[in-house]
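These are the residues of each chain, in order.
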Amino acid sequence: PPWMEMASQGSAFEDMHPMIQLHNEIVGFCNLMEPRPEELEKRQELVERFTKLVKKTFGDDADVEVFGSQVTGLCLPTSDIDIAIQIPSDETDGDNAAAADATDEDILKSMKAKESPLVRLGSVLQTEWKDELSYLEVIENTRVPLVKFIMASSNIPVDVCFNQDTGPSAAKLVKQYMEIMPPLRPLTFVLKYFLAARALNQPYSGGVGSFMLQMMILSFLQHREREAIHYRNPCQQNLGAMLIDFLVLYSTDFNYITTGFTVRFDGMYFPKGASDRKEFFWQESRAFSLAIENPLEPTADVGKPSFRMQTVQRAFEVAYKLLLHRMYEPKENSPSLLACLLPTTDEMVERRTMNNTNEAANVIVINY
């Protein structure tokens with residue numbers, strides 16, 4: 001796999017402890033897949049173009065806010081750009097007398113103003129950017145209605161929602177947690193790609209979205225640190241060990257039916273059926289759902305849309321067993337451990353070819 005070259009710096013893995021090798025592979029994967037400056041510049045140019053289109057469509061009072069992985073720096077090359085458009089509430093169009101004197105053009109404008117912002121934006125994109133889009137969809141029947149589109153030239157996907165202020169606030173919160181807990185970033189990179197490769201990364205299709213995944217990783221790190229303090233045994237800062245422990249927790253140890261968690265108060269678990277929690281976090285028709293308190297809105301369940309958690313749990317279980325087998329059985333086809341979880345793509349090979357030779361100097365190698 002392409003990340004092996006960046007993780008090894010030309011040295012062999014035969015004499016390296018499997019856990020150290022896995023750590024170095026994770027670091028190599030992150031160095032390989034993190035966005036390059038020119039990619040970030042291209043994304044920023046798209047945001048600026050889209051902002052002008054929004055202003056033209058909804059007026060200068062419309063605010064365009066970027067959030068999610070684009071802001072936190074946790075985006076993969078294929079990650080979408082999350083955008084929230086804040087527009088003023090609809091105002092009345094005037095009295096009947098004014099309407100009677102209105103021209104056909106005024107009536108047309110009034111009808112457009114009454115359209116759903118989602119439908120209106122979708123229509124504008126279809127008209128203005130018709131030849132530039134490879135995909136366009138308006139999704140209204142979901143918890144957070146979206147306009148999704150993909151630019152044909154750059155293959156950059158964009159998700160747009162309206163009047164949602166939690167997204168930008170969540171991005172700021174994740175950045176704060178990343179400063180406190182550095183392992184959050186590399187684990188997010190690996191697990192995001194793991195879920196995306198299995199089509200389990202989209203909340204509207206029942207998968208685990210970026211924010212939910214970050215809350216799962218953060219809760220895991222909080223309890224791991226607390227356990228280390230309790231037993232007076234410093235946490236081993238090995239990303240390989242952390243990845244395996246994460247897979248064990250959410251595939252075997254965690255009780256999805258009875259337990260939820262919050263990352264507030266340095267992280268804690270709670271019973272989903274408790275009198276003050278049941279109304280918000282217990283889903284009778286989906287008892288296996290993962291209940292996660294939104295730290296910005298304590299009565300909101302981040303995991304509620306993810307109705308395929310049993311599939312996600314099984315994917316983690318298979319990944320854990322595969323990884324253990326690769327670590328302690330002879331390496332037959334590939335020296336890589338991470339390759340059993342992350343399939344190699346043409347994009348990875350291309351990125352490895354384009355990366356300059358100085359990137360290897362950034363690899364963190366652990367020696368005991």
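Scroll up for the structure.
For every chain, the first residue of the written sequence is number 1, and numbering continues from 1 onward in sequence order. For this predicted model, a pLDDT threshold of at least 70 governs which residues receive local features, and a threshold of 80 or more governs which side-chain atom pairs are given and counted, while totals over whole chains, interfaces and linings are taken from all residues. Heavy atoms from the whole structure form the basis of all side-chain values; hydrogens and water molecules are not counted.

Asks: I'm lost on helix H3 (residues 37–58) in this one. Help?
Replies: Given 3.6 residues to a turn, an α-helix orients residues that are three or four positions apart in the same direction. In this model H3 runs 31 Å from its N-terminal to its C-terminal C-alpha over 22 residues, within 8% of the 32 Å that 1.5 Å per residue would give. Relative accessible area decides the class of each residue, using a 1.4 Å probe on protein chains only: under 20% of the type maximum gives buried, over 50% gives exposed, and in between gives partly exposed. Under the DSSP-based scheme used, a helix requires at least four consecutive residues in state H or I and a strand at least two consecutive residues in state E, with every element numbered from the N terminus. Along H3, the positions that sit buried rather than exposed are Arg-43, Leu-46, Val-47, Phe-50, Leu-53, Val-54, Thr-57 and Phe-58. Here the buried residues of H3 occupy an arc of 125° about the axis, which is enough to place them on one side. What points out from H3, more than 90 degrees from its buried face, is the exposed set Pro-37, Lys-52 and Lys-56. For this analysis, residues touch if any pair of their heavy atoms sits within 4.5 Å. In this fold, the buried residues of H3 make contact with strand E1 (63–67), helix H4 (69–72), strand E2 (81–86), helix H7 (117–128), strand E4 (146–151) and strand E5 (157–162). Each helix should span, by expectation, one fewer than its residue count multiplied by 1.5 Å. It is the directions from the helix axis to the C-beta atoms that the arc portrays.

Asks: Explain the environment of Ala-170 to me, please; I cannot follow it from the model alone.
Replies: By the element assignment, Ala-170 lies in helix H8 (residues 166–180). Residue Ala-170 is classed as buried on the basis of its relative accessible area of 10%. Sequence separation between Ala-170 and Asn-294 is 124 residues, and the spatial gap between their C-alpha atoms is 9.2 Å. The residues touching Ala-170, leaving out its near neighbours within four places in the chain, are Phe-211 and Leu-296.

Asks: Just checking my understanding: could you explain the pairing of strand E6 (residues 259–262) for this structure?
Replies: Consecutive side chains along a regular strand alternate between the two faces of the sheet. Judged by which residues are buried, E6 turns out to be covered on both faces: Thr-259 and Phe-261 on one side and Gly-260 and Thr-262 on the other are all buried. Two strands qualify as a pair provided that DSSP identifies no fewer than 2 bridges between them. Hairpin connection between E6 and strand E7 (residues 268–271): a loop of five residues separates the two successive antiparallel strands, and Phe-265 in this loop has a positive phi of roughly 55°.

Asks: How should I be thinking about the pattern of salt bridges in this particular structure?
Replies: Close approach of charged atoms allows side chains of opposite charge to pair. Counted as salt bridges are all cases of a side-chain nitrogen of Lys or Arg within 4 Å of a carboxyl oxygen of Asp or Glu. The full count for this structure, using the stated rule, is eleven salt bridges. Residues Glu-38 and Arg-36 are paired through a salt bridge, measuring 3.0 Å at the closest nitrogen-oxygen approach. On the basis of relative accessibility, which here comes to 42%, the residue Glu-38 falls in the partly exposed class. Exposure remark for Arg-36: the relative accessible area of 13% places this residue in the buried category. As a salt-bridge pair, Arg-49 and Glu-132 come within 2.8 Å of each other at their nearest N and O atoms. With Arg-49 in helix H3 and Glu-132 in the loop between H7 and strand E3 (133–139), this residue pair connects regions lying 83 residues apart in the sequence. Residue Arg-49 is classed as partly exposed on the basis of its relative accessible area, which comes to 36%. By relative accessible area, Glu-132 is classed as partly exposed at 28%. One connected set of salt bridges, linked through shared partners, spans Arg-36, Glu-38, Glu-39 and Arg-351.

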